[in-house]
Amino acid sequence: MQTAKTENRKHILMIATGGTIACCHSDAGLTPLLSSEELLNYVPAAKDFCTITAIQAFNIDSTNMQPRHWLLLSHLIEEHYWEYDGFVICHGTDTMAYTAAALSYLVQNTRKPIVITGAQKPIDMEITDAKANLLDSLRFACCEKAYGVSIVFDGKVIAGTRGKKERTKSYNAFSSINFPYIATIQEEHILFYLDDKDRIQGDLRFFHAVNENVGLLKLIPAADAKLLDYIAKRYDGVIIESFGVGGLPSYDGSDFRDSIARWIKQGKTIVMTTQVTNEGSNMSVYEVGKQIKQEFGLLEAYDMTLEAAVTKLMWILGQTKAPEEIRRLFYQTINRDILWRT
């Protein structure tokens, strides 16, 4: 554990989890090897504006991130919540959006900032985005206006439920989907576009359970309803990524309607969303969506990201199995995750 001590500064807990930011070259390829203390050594300028304690939660490629890791991160934040003014989590980029969304549901109504960041290039490289991203994140975690779970990347602040990785190599890897950026960070200046900390309602609450038995079915032309049967048999909840604004195919030998009727009757939760990144779904537009939604009262993700829909359903099913409560919680806005529904 390393602490950079400066009196009368914000106290930040930096939690390292691995990812590209902590990678070094090896014969097997880039591998997370750097410790939390080593990461902190690459941003000495942070000592000028905050006091940092660095701890290592685990050290993995984010491809290997699982719900149990989200629970561990939430536990660490809960355990140290009253000791620090803010939290920065260093994370791999590939599943960062899932972790940011998951923490938005596991840690609700926090007046303190929980910032997730990472990099496209390891921090020990001469040319890298890692140092700027980590320094920006520490700076944002010290800001009085900052709160809640967010992603800080490439000078942008994104609500934890709205982030999506849209580029595999470029430094501007993340976008805010169907929602404006909260702020931008330009050198030492944080420019807020949304300043609504005073509107937080409800008490701080930590949750300690998720149900990871959630499956995803991405439709393609000629997809067979037997795929839904296969997934629904094995999972408590299924998210269906449909085409456009949303609908389900109906053609000879593959009737999704019958499959949905069967699994809903058996208590499975089915959520409809769209494969299209921007603007969201609206199953009420076309016959292929409107009739089946009305008949079964299907949940619909609307303007939510896929990452938010997946992690929210895992969180909900970890709290309840009652259909009406599942519906209520799914449509409840948490950390700006859903803003419209019909």
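Model, not experiment: these values are computed from the prediction.

Engineer: Account for the overall build of the chain, naming residues and giving values.
Structural biologist: The number of helices and strands found in the chain is nine helices and 21 strands. Its C-alpha radius of gyration of 21 Å places the chain within 12% of the 20 Å reference for a compact globule of 342 residues. Along the three orthogonal principal directions, the C-alpha set of the chain runs to about 70 × 50 × 30 Å. Counting over 342 residues, the chain shows a buried share of 56%. Contacts in the chain between residues far apart in sequence, at least 24 positions, make up 72% of those at least 6 positions apart.

Engineer: Now, about helix H7 (residues 287-296): what can you tell me, with residues and values included?
Structural biologist: Regarding H7, the residues found buried are Gly289, Ile292, Lys293 and Phe296. Viewed end-on, H7 has its buried residues packed into an arc of 105°, placing them on one side of the element. Among the exposed residues of H7, those pointing more than 90 degrees away from its buried face are Glu287, Gln291 and Gln294. Buried residues along H7 sit in contact with helix H6 (256-265) and strand E21 (299-300). Positive phi appears at Gly297, one or two residues downstream of H7, with a value of about 60°.

Engineer: I'd like to hear about the confidence of the model for the chain, residue by residue, with values.
Structural biologist: Across the chain, the average pLDDT comes to 94, with 96% of residues at 70 or higher. Below pLDDT 50 for its whole length, residues 1-6 participates in 21 contacts with residues either more than four positions away or in separate chains.

Engineer: Just give me the short version of a nonpolar patch on the surface, but keep the residues and values in it.
Structural biologist: Judged by side-chain polarity, Val285, Tyr286 and Val288 come together as a nonpolar surface patch covering roughly 300 Å² of accessible area. If you trace the backbone, Val285 turns up in the loop between strand E20 (269-274) and H7. Of the residues examined, Val285 reaches a relative accessible area of 49% and is grouped as partly exposed.

Engineer: Residues and numbers for the pattern of salt bridges, please.
Structural biologist: When charged atoms on two side chains of opposite charge get close, those side chains can pair. Throughout the structure, instances matching the rule amount to 14 salt bridges. With a shortest N-O distance of 3.0 Å, Asp154 and Lys156 are connected by a salt bridge. For Asp154, a relative accessible area of 31% gives the class partly exposed. A salt bridge links Asp303 to Arg162; the shortest N-O distance between them is 2.8 Å. Here the residue Asp303 occupies a position in the loop between E21 and helix H8 (306-317), and Arg162 occupies one in the loop between strand E10 (156-159) and strand E11 (163-165), the gap between them amounting to 141 residues. Here Asp303 matches Arg162 in class, with each residue buried. Among the ionic contacts, a cluster of salt bridges with common partners joins Arg257, Asp258 and Glu295.

Cut-off values and rules
- Residues numbered from 1 in each chain as written.
- Predicted model: local features only at pLDDT ≥ 70, side-chain atom pairs only at ≥ 80, totals over all residues.
- Heavy atoms only, no water.
- Helix = DSSP H or I, 4+ residues; strand = E, 2+ residues; numbered from the N terminus.
- Rg over C-alpha atoms; globule rule 2.2 N^0.38 Å.
- Buried < 20%, exposed > 50% of the residue type's maximum accessible area, 1.4 Å probe, protein only.
- Contact = heavy atoms within 4.5 Å.
- Arc of directions from axis to C-beta.
- pLDDT = per-residue confidence, 0-100.
- Patch = residues over 30% accessible without salt bridge, like charges linked within 9 Å, V, L, I, M, F, W, Y side chains within 5 Å.
- Areas by Shrake-Rupley, 256 points an atom, 1.4 Å probe, with all protein chains shown as cover.
- Salt bridge = Lys/Arg side-chain N within 4 Å of Asp/Glu carboxyl O.

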